[in-house]
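Residues per chain, in single letters:
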Amino acid sequence: AQTVTQSQPEMSVQEAETVTLSCTYDTSENNYYLFWYKQPPSRQMILVIRQEAYKQQNATENRFSVNFQKAAKSFSLKISDSQLGDTAMYFCAFMKQWTGGTSYGKLTFGQGTILTVHP
Amino acid sequence: EAQVTQNPRYLITVTGKKLTVTCSQNMNHEYMSWYRQDPGLGLRQIYYSMNVEVTDKGDVPEGYKVSRKEKRNFPLILESPSPNQTSLYFCASSLRTGRTEAFFGQGTRLTVV
């Protein structure tokens, strides 16, 4: 079974600064995906960024980037030029890649990190 | 617009009164699942379905039922709700391969009194 741990229950950052959210995971799988989801006060779950484990290059999406360390099983999210709209709960999640058979699609989530961006 | 539609968004009910939360997706996704979100625990999977008529238990299935009679719909049924099922519920769908990220419904805040 997989586990995902987010050790920072809450973080805060000043507008325009950079913040890094931590995530570690444990798995015996070799092929998988990692995600960061954002949950603003509206409760909607919004995909921020996606990483395939077989890719060595770290994923980036505009102001969002990850530091994926497969050997260390670490997957941190860096938010640059923080904006007030980035205030939200952030979830790290793991999904096993389908390689045949019947097991796929399940997301295992961390506990979440509440990020507050201050003006 | 590609989306997962979940209803209702808010629901207050009494212990033991059967209820159904509906979920529908328009993306032809094979995989659908239900999660519950509780403070400090993140989201945990309740039930999932890999295709029509194929469903199975997730990590916290007790007290819930599901069905998948059509590919687009995946309702969650609480036949006798109890206060410990008070939670925020999400339906999600995804593809098996390719772009596998899950798309989520808007969430249902359920309170059982």
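The structure under discussion appears in the preceding block.
What counts, and where the lines are drawn
Residues numbered from 1 in each chain as written. Chains lettered and ligands numbered in written order. Predicted model: local features only at pLDDT ≥ 70, side-chain atom pairs only at ≥ 80, totals over all residues. Heavy atoms only, no water. Disulfide = S-S within 2.5 Å. Helix = DSSP H or I, 4+ residues; strand = E, 2+ residues; numbered from the N terminus. Buried < 20%, exposed > 50% of the residue type's maximum accessible area, 1.4 Å probe, protein only. Core = buried A, V, L, I, M, F, W, Y, C linked by side-chain atoms within 4.5 Å. Contact = heavy atoms within 4.5 Å. Buried area = accessible area lost by both parts, 1.4 Å probe. Salt bridge = Lys/Arg side-chain N within 4 Å of Asp/Glu carboxyl O. Polar contact = N/O pair within 3.5 Å; in protein donor to acceptor, adjacent residues only side chain to side chain. Nonpolar A, V, L, I, M, F, W, Y, C, P; charged D, E, K, R; others polar.

Peer 1: With reference to specific residues and values, describe the state of the cysteines.
Peer 2: Applying the stated criterion across every chain, the model contains two disulfides over all chains. Across the disulfide from Cys23 of chain A sits Cys92 of chain A; the S-S distance is 2.0 Å. For the disulfide bridge between Cys23 of chain A and Cys92 of chain A, the dihedral angle about the S-S bond is near -70°, and by the sign convention the bridge is left-handed. On the criterion of sequence distance, the pair formed by Cys23 of chain A in the loop between strand S3 (19-21) and strand S4 (24-26) and Cys92 of chain A in strand S10 (residues 88-96) is long-range, its members being 69 residues apart. The exposure class assigned to Cys23 of chain A is buried, which follows from its relative accessible area of 2%. Note that Cys23 of chain B is cross-linked by a disulfide to Cys91 of chain B, the S-S spacing being 1.8 Å. Negative torsions about the S-S bond denote left-handed disulfides, and the value of about -70° found for Cys23 of chain B with Cys91 of chain B makes this one left-handed. One end of the pair, Cys23 of chain B, is in strand S3 (residues 19-25); the other, Cys91 of chain B, is in strand S9 (residues 87-94), with 68 residues separating them in the sequence. Cys23 of chain B gets classed as buried once you look at its relative accessible area, which sits at 3%.

Peer 1: Give me the lowdown on the nonpolar core, citing residues and values where you can.
Peer 2: Tyr25, Trp36, Phe75, Leu77 and Tyr90 of chain A are the most contacted members of the largest nonpolar core, which totals 25 residues. Going through the elements one at a time, S3, strand S5 (32-39), strand S6 (46-52), strand S8 (64-69), strand S9 (74-79), S10 and strand S12 (113-118) of chain A are the ones with two or more residues in this core. It is S10 of chain A that provides the largest number of residues to this core, a total of four residues. Grouped together as the second largest cluster of nonpolar side chains are 19 residues, Val21, Trp34, Tyr64 and Cys91 of chain B included.

Peer 1: An account of the interface of chain A and chain B is requested, with residue identities and associated values reported.
Peer 2: Across the contact, 21 residues belong to chain A and 28 residues belong to chain B. Interface of chain A and chain B: buried area, both sides summed, is about 2200 Å²; carbon and sulfur atoms make up 53% of it. Together, Arg43, Tyr104 and Lys106 of chain A form the three largest contributors to the area buried by chain A at its contact with chain B, with a combined 33%. If you look at where chain A meets chain B, you find two salt bridges. Where Asp59 of chain B meets Lys106 of chain A, a salt bridge forms, and the shortest distance between an N and an O atom there is 2.6 Å. Applying the counting criterion to the chain A and chain B interface returns eleven residue pairs in polar contact (both at pLDDT 80 or more). Put simply, the parts of the chain that give the side of chain A that touches chain B at least two residues each are S5, S6, S10 and strand S11 (107-109) of chain A. Take the side of chain A that touches chain B: its biggest share by element is four residues, from S5 of chain A. Across the side of chain A that touches chain B, the residue classes tally to eleven nonpolar, seven polar and three charged.

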